[in-house]
Amino acid sequence: MNMVKKNIERDALFDNYRAFLIVLVVMSHFMDLSYEHNMIFMPLKWFIVSFHMPAFLFVSGYFSKKETSLAKLIQKIGIPYLVYEVIFYLIYTFGIHKPTKLYLLRPKFAMWFLMVLFFYKLLAPLIKKLPGHMIILICSGLGIGLAGVGNFLSIPRLLVYFPFFMAGVHLTSDNVRELRKNATKFKTITAAVISGAITTGFVLAGYSTRIYYGRYSYDYLEQTAVEGILTRALTYVAAGLMIYVFLVVLPAKKLKISYIGQRTMPVYIFHAMVWVTLGYGGSVLKHIDGVGPSLLTFAACLFMVWLFSRECFIKVTDAIAGVPVDSIINRINKPSHNK
């Protein structure tokens, strides 16, 4: 009975975590073109980018402990990635008339998340067998900034965020209970203050939010190798602390918004299509300033989260991720018998 209750609480906690994070993702995107001149957006943008994608991948790792077959990965992530890439190409080309090509190995806009998630789930069972793999992953994340790989296969982000995904893989429900049980107000506030101090230091030093994006080389960010490595190491610390803070402070009981945590994919995909259309196809998102327009933007973001978590949008993403790859492969491999 207690175990059932704990499992329910654990699931509710991470549903709440994912619901919280998807709201931050949408807000971060819709602030992106205006935050540099918007005094309301500026601190919120820095706060969000300091941890939201590492946290999302951390939570994804937590639910990726079970090894997944290649066919299932292709079905659930590979095919949707290809479908959405084509859709984004059509939006770019015919919707907003932005010159581009169908770069299937260079994900457009937010599609990098699906690409790295595919490789994480594919590689995690192998990575876990390597002695000292967390140290290797952290060093790889720090070291990739020395190379100018670009966006090919989203390799920079794949390596930069891999430690967070694997940390989620290693985290157990017992760990979560112990962390929440042993968390004190002092510990939680201290972690939040240290993370905030690191991020504030970056702001005062004149850094760009791009230091948190994972995709840029140190040279592109106009940093020396030593400066870049130290900066990225501090971003790891800041993100890790904030992941911990919300892991212990978010409610573990089912809330009215908990269901959104189970429907993040349609929200992620469809809000990205809206952003691309408005962000690249017009100028409205570039000139948001003042209290009224800023609050209206936040309200619009919350509305999109609600709208795209409706059943009709879930049916679309579920259908795209429902191609029976196993059956197709079995039919191809099934020997034919000539009568």
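Quick look at the structure, then. The numbers attached to residues start from 1 for each chain and follow its sequence in the written order. Only residues with pLDDT of at least 70 are given local features in this predicted model, and only at 80 or more are side-chain atom pairs given and counted; all residues enter the totals for whole chains, interfaces and linings. Hydrogen atoms and water are omitted, and side-chain values are computed over all heavy atoms in the structure.

**What about the nonpolar core?**
Right, so step 1: In this text, buried Ala, Val, Leu, Ile, Met, Phe, Trp, Tyr and Cys residues form a nonpolar core when linked through side-chain atoms within 4.5 Å. Only protein chains enter the accessibility calculation, which uses a 1.4 Å probe; a residue whose area is less than 20% of its type maximum is buried, one above 50% is exposed, and one in between is partly exposed. The biggest cluster of nonpolar side chains holds 89 residues, and the ones touching the most others in it are Tyr-17, Met-111 and Tyr-268.
Right, so step 2: Counting from the N terminus, the helices are the DSSP runs of H or I reaching at least four residues and the strands are the DSSP runs of E reaching at least two. In terms of residues, this core owes the most to one element, helix α1 (residues 2-31), which gives 13 residues.
Right, so step 3: Look past the residues within four positions of Met-111 in its chain and what remains in contact with it is Tyr-81, Tyr-84, Glu-85, Phe-88, Tyr-268 and Ile-269.
Right, so step 4: Among the nonpolar cores identified, the runner-up in size contains 10 residues, and Val-49, Ile-211, Tyr-216 and Leu-221 belong to it. Throughout, a contact is declared for two residues whenever any of their heavy atoms are within 4.5 Å.

**Thoughts on empty space enclosed by the protein**
Right, so step 1: Any residue with an atom within 4 Å of a point lines the site, the site being either a cavity, points on a 1 Å grid over the protein atoms alone where a 1.4 Å probe fits but cannot get out, or a pocket, an open set with protein on both sides within 12 Å along at least 5 of 7 lines. Grid points are joined across faces, edges and corners, and a volume is the space filled by probe spheres set on the points. Counted according to the given criterion, the structure contains 2 cavities of 30 Å³ or more.
Right, so step 2: There is about 80 Å³ of room inside the largest cavity.
Right, so step 3: Along its surface, the largest cavity is lined by Ser-50, Pro-54, Val-160, Tyr-161, Phe-164, Ile-211, Tyr-212, Gly-214, Arg-232, Thr-235, Tyr-236 and Ala-239.
Right, so step 4: Broken down by secondary-structure element, the contributors of at least two residues to the lining of the largest cavity are α7 (155-170) and α10 (225-249).
Right, so step 5: Here the lining of the largest cavity gets 4 residues from one element, more than from any other, and that element is α10.
Right, so step 6: For the lining of the largest cavity, the residue count by class is 8 nonpolar, 3 polar and 1 charged.
Right, so step 7: A volume near 60 Å³ is recorded for the second largest cavity.
Right, so step 8: What lines the second largest cavity is Ser-64, Lys-65, Lys-66, Glu-67, Thr-68, Lys-121, Ala-124, Pro-125 and Lys-128.
Right, so step 9: Broken down by class, the residue content of the lining of the second largest cavity amounts to 2 nonpolar, 2 polar and 5 charged. Polarity classes work like this: nonpolar for Ala, Val, Leu, Ile, Met, Phe, Trp, Tyr, Cys and Pro, charged for Asp, Glu, Lys and Arg, and polar for all others, with Gly in that last group.

**Structural notes on the packing of helix α9 (residues 185-204) against α10**
Right, so step 1: Contact pair α9 / α10: the axes reach a minimum separation of 9 Å and the direction vectors enclose 145 degrees. Judged by the twist between their axes, the crossing of α9 over α10 is left-handed. Taking contact as the criterion, the partners of Lys-187, Thr-188, Ala-191, Ala-192, Ile-194, Ser-195, Ile-198, Thr-199 and Phe-202 in α9 are, on α10, Thr-231, Leu-234, Thr-235, Val-237, Ala-238, Leu-241, Met-242, Tyr-244, Val-245, Val-248 and Val-249.
Right, so step 2: Of the residues assigned to the contact of α9 with α10, the class counts are 14 nonpolar, 5 polar and 1 charged. Interaxial angles span 0 to 180 degrees and are taken between N-to-C directions of axes, which are lines fitted to C-alpha atoms, for helices over the stretch in contact. In this scheme the handedness of a crossing depends on how the near helix is turned from the far one: anticlockwise by less than a right angle means left-handed, clockwise means right-handed.

**With respect to α7**
Residues three or four positions apart in an α-helix share a direction because the helix packs 3.6 residues into each turn.
Right, so step 1: End to end, α7 covers 22 Å across 16 residues, agreeing with the expected 22 Å (1.5 Å per residue, within 8%).
Right, so step 2: One axis fitted to the seven residues ending at a residue, another fitted to the seven starting there: the angle between these axes is the bend at that residue. The sharpest bend along α7 comes to roughly 45 degrees, located at Tyr-161, with the proline Pro-163 sitting one to four residues further on.
Right, so step 3: Among the 16 residues in α7, 12 count as buried, and that is most of the element.
Right, so step 4: Along α7, the residues that are buried comprise Pro-156, Arg-157, Leu-158, Val-160, Tyr-161, Phe-162, Pro-163, Phe-164, Phe-165, Met-166, Gly-168 and Val-169.
Right, so step 5: Where α7 is buried, its residues contact α3 (52-62), α5 (112-127), α6 (133-143) and α10. A helix's residues, less one, multiplied by 1.5 Å, set its expected span.

**Overview of the packing of aromatic side chains**
Right, so step 1: Between the rings of Phe, Tyr and Trp (Trp by its six-membered ring), a pair exists once the centres lie within 6.5 Å; its type follows the angle of the planes, with under 30 degrees stacked, over 60 edge-to-face, and the other angles tilted. Counting across every chain of the model gives 30 aromatic pairs.
Right, so step 2: Members of the aromatic cluster, connected to one another through ring pairs, are Phe-56, Trp-112, Phe-113, Tyr-161 and Tyr-268.
Right, so step 3: Lysine NZ or arginine CZ positioned within 6 Å of the ring centre and within 35 degrees of the ring normal marks a charge as sitting over the ring. Its guanidinium or amino end placed over the ring of Tyr-35, Lys-45 lies 5.6 Å from that ring's centre, counting from NZ or CZ.
Right, so step 4: Directly above the aromatic system of Tyr-92 lies the positively charged group of Lys-108, at a separation of 6.0 Å from the ring centroid.

**Comments concerning unusual backbone geometry**
Right, so step 1: One non-glycine residue with positive phi stands out, namely Phe-109, at about 45 degrees.
Right, so step 2: Assignment of secondary structure puts Phe-109 in the loop between α4 (70-95) and α5.

**Some thoughts on the side chain of Thr-209**
Right, so step 1: In this structure, Thr-209 sits in the loop between α9 and α10.
Right, so step 2: Exposure remark for Thr-209: the relative accessible area of 2% places this residue in the buried category.
Right, so step 3: Ignoring any residue separated from it by four or fewer positions in sequence, one finds Thr-209 in contact with Tyr-35, Lys-45, Trp-46 and Val-49.

**Quick word on the pattern of salt bridges**
Right, so step 1: Definition used for salt bridges: Asp or Glu carboxyl oxygen within 4 Å of a side-chain nitrogen of Lys or Arg. Counting across every chain of the model gives 4 salt bridges.
Right, so step 2: The salt bridge partner of Asp-15 is Arg-18, with a shortest N-O separation of 2.7 Å. One end of the pair, Asp-15, and the other, Arg-18, are both in helix α1, 3 residues apart, so they sit about a helical turn from each other.
Right, so step 3: Residue Asp-15 is classed as buried on the basis of its relative accessible area, which comes to 8%.
Right, so step 4: On the accessibility criterion, Arg-18 (19% relative accessible area) is buried.

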